Amino acid sequence: MKKTYKCKLILKTELCPGIFDYVVEAPEMAKEAQIGQFLHINCGGRTTLRRPISICDAGEGFVRFAFQVKGEGTAELAKREPGELIDIMGPLGHGFELTPGEKAVVIGGGIGVFPLLRLARETDCAVFLGFRTKELICMEDDFNEANKNVTICTDDGSYGYNGFAVAAMGEYLMDNKVDMIYCCGPTPMLKTVKQIAEFRRIPCQLSLEQRMGCGIGACLTCVCETKDTGMAKYKQVCLAGPVFKAEEVVF
Ligand SMILES: Cc1cc2nc3c(=O)[nH]c(=O)nc-3n(C[C@H](O)[C@H](O)[C@H](O)COP(=O)(O)OP(=O)(O)OC[C@H]3O[C@@H](n4cnc5c(N)ncnc54)[C@H](O)[C@@H]3O)c2cc1C
Ligand code: FES
């Protein structure tokens, strides 16, 4: 059984309206946390099921995560104030697999950028981050601190590269050879990145989102269809994922 911890909220920042950045005291989870894994959080209030939120960063005694208020659970979580304890299970799931010495592209969109911060810092990569518009850009300073080659893209051209992050990545790949693409974002982005990776024969890892119940492989709420060694097979996103090899994923 995965451990749960009562973690003290030590820093709370509202990154954009309705998007919060939390740092919690969590020395044991910080030691274990792998890039791309997630936390299962008891948000409190009337919600009984935990909600999955990606680990954004982890360091000396702390774990950081960021979330957008979507419904009841995340709205309840957003009411927490520094000093309060949050009930967190984790770290859970299978994260990104890194290969030493590889040259990579890291691409994310919207709230999908959060689990990519450590990849941006810890791999030799070019980073492409997509947002709908300037007001929704999150963690630009953190990414620029983590990596010297970050391109911010906006769908409406209000800031940075004018257009989708996948277009910016496509241009980069015309002139640069890479060994791996790491992606987390909305489904249309995941699909396009998978197609580009297949066309260019670049290995690729995708982080998937799925509604979850238990978060630990006991309820089957989170199953998705995968192509394991060519055969269709249902896998639990909470155990086998959230990160999968792109060739395994069936959209
Ligand atoms: C592995 C994983 C990592 C995640 N990481 C993050 C993160 O870092 N930051 C972040 O903001 N969100 C993240 N999410 C999404 C987050 O879990 C949902 O937004 C949250 O559970 C919604 O709960 P709620 O009670 O606020 O909303 P609910 O009332 O449960 O639902 C509100 C709306 O959100 C939709 N929804 C609920 N759960 C999910 C889900 N899992 N995926 C997609 N849509 C959902 C519902 O269909 C509904 O439209 C992640 C999800 C997964 C599976
Ligand atoms: S959420 Fe229960 S099996 Fe994955």
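Calculation criteria
Residues numbered from 1 in each chain as written. Chains lettered and ligands numbered in written order. Predicted model: local features only at pLDDT ≥ 70, side-chain atom pairs only at ≥ 80, totals over all residues. Heavy atoms only, no water. Patch = residues over 30% accessible without salt bridge, like charges linked within 9 Å, V, L, I, M, F, W, Y side chains within 5 Å. Areas by Shrake-Rupley, 256 points an atom, 1.4 Å probe, with all protein chains shown as cover. Salt bridge = Lys/Arg side-chain N within 4 Å of Asp/Glu carboxyl O. Buried < 20%, exposed > 50% of the residue type's maximum accessible area, 1.4 Å probe, protein only. Domains from an automatic or database assignment. Contact = heavy atoms within 4.5 Å. Buried area = accessible area lost by both parts, 1.4 Å probe. Polar contact = N/O pair within 3.5 Å; in protein donor to acceptor, adjacent residues only side chain to side chain. Helix = DSSP H or I, 4+ residues; strand = E, 2+ residues; numbered from the N terminus. Nonpolar A, V, L, I, M, F, W, Y, C, P; charged D, E, K, R; others polar. Pairing = 2+ DSSP bridges. Axes fitted to C-alpha atoms, helices over the stretch in contact; angles between N-to-C directions. Near = heavy atom within 4 Å.

Draft legend 1. Region of the structure containing a nonpolar patch on the surface. The grouping of Leu-220, Val-223 and Tyr-234 at the surface amounts to a nonpolar patch, some 310 Å² of accessible area in total. For Val-223, a relative accessible area of 32% translates into the label partly exposed.

Draft legend 2. The arrangement of the domain arrangement of the protein in detail. If you check the domain split of the protein, you get domain 1 (4-92) and domain 2 (103-248). On the side of domain 2, 22 residues touch domain 1, which itself brings 25 residues to the contact. Surface buried jointly by domain 1 and domain 2 totals about 1,900 Å² across both partners, of which 65% is contributed by carbon and sulfur atoms. In terms of surface lost to domain 2, no three residues of domain 1 exceed Ile-35, Phe-38 and Cys-56, which account for 28% of the buried area on that side. Our count for the contact surface shared by domain 1 and domain 2 stands at two salt bridges. One salt bridge in this structure joins Arg-121 and Asp-57, with 2.8 Å as the shortest N-O distance. Put simply, domain 1 and domain 2 have five residue pairs in polar contact (both at pLDDT 80 or more) between them. Among the elements of the structure, β1 (4-16), β2 (19-25), β3 (38-42), β4 (51-54), β5 (57-59), β6 (62-68) and β7 (85-92) are those that each provide at least two residues to the side of domain 1 that touches domain 2. Top element by residues in the side of domain 1 that touches domain 2 is β6. It accounts for four residues. Residues that form the side of domain 1 that touches domain 2 fall into these classes: 15 nonpolar, five polar and five charged.

Draft legend 3. Representation of the sheet that holds β3 in the model. As summarised here, the arrangement of the seven strands in space is β4-β3-β7-β1-β2-β6-β5, forming an open sheet in which the pairing is antiparallel. The open sheet terminates on both sides in strands that have one partner only, identified here as β4 and β5. This sheet shows a mean twist of 35 degrees between the axes of neighbouring strands, independent of strand direction. As defined by bridge partners, β1 adjoins β7 across five bridges and the pair is classed as antiparallel. Each bridged residue has a counterpart across the sheet, and for Cys-7 the counterpart in β7 is Ile-86.

Draft legend 4. Focus on the site of ligand 1. With respect to spatial proximity, 18 residues lie near ligand 1, and among them Arg-51, Pro-52, Gly-73, Thr-74 and Glu-209 are the closest. Within the contact set of ligand 1, a nitrogen atom lies 3.0 Å away from a backbone nitrogen or oxygen of Ala-66. When the free accessible area of ligand 1 is taken as 860 Å², the share hidden by the protein chains comes to 79%. Counting residues per element, the shell around ligand 1 draws most heavily on β4, at four residues. Residue composition of the shell around ligand 1, by class: seven nonpolar, six polar and five charged. Split by domain, the residues of the shell around ligand 1 number at least three in each of domain 1 (4-92) and domain 2 (103-248).

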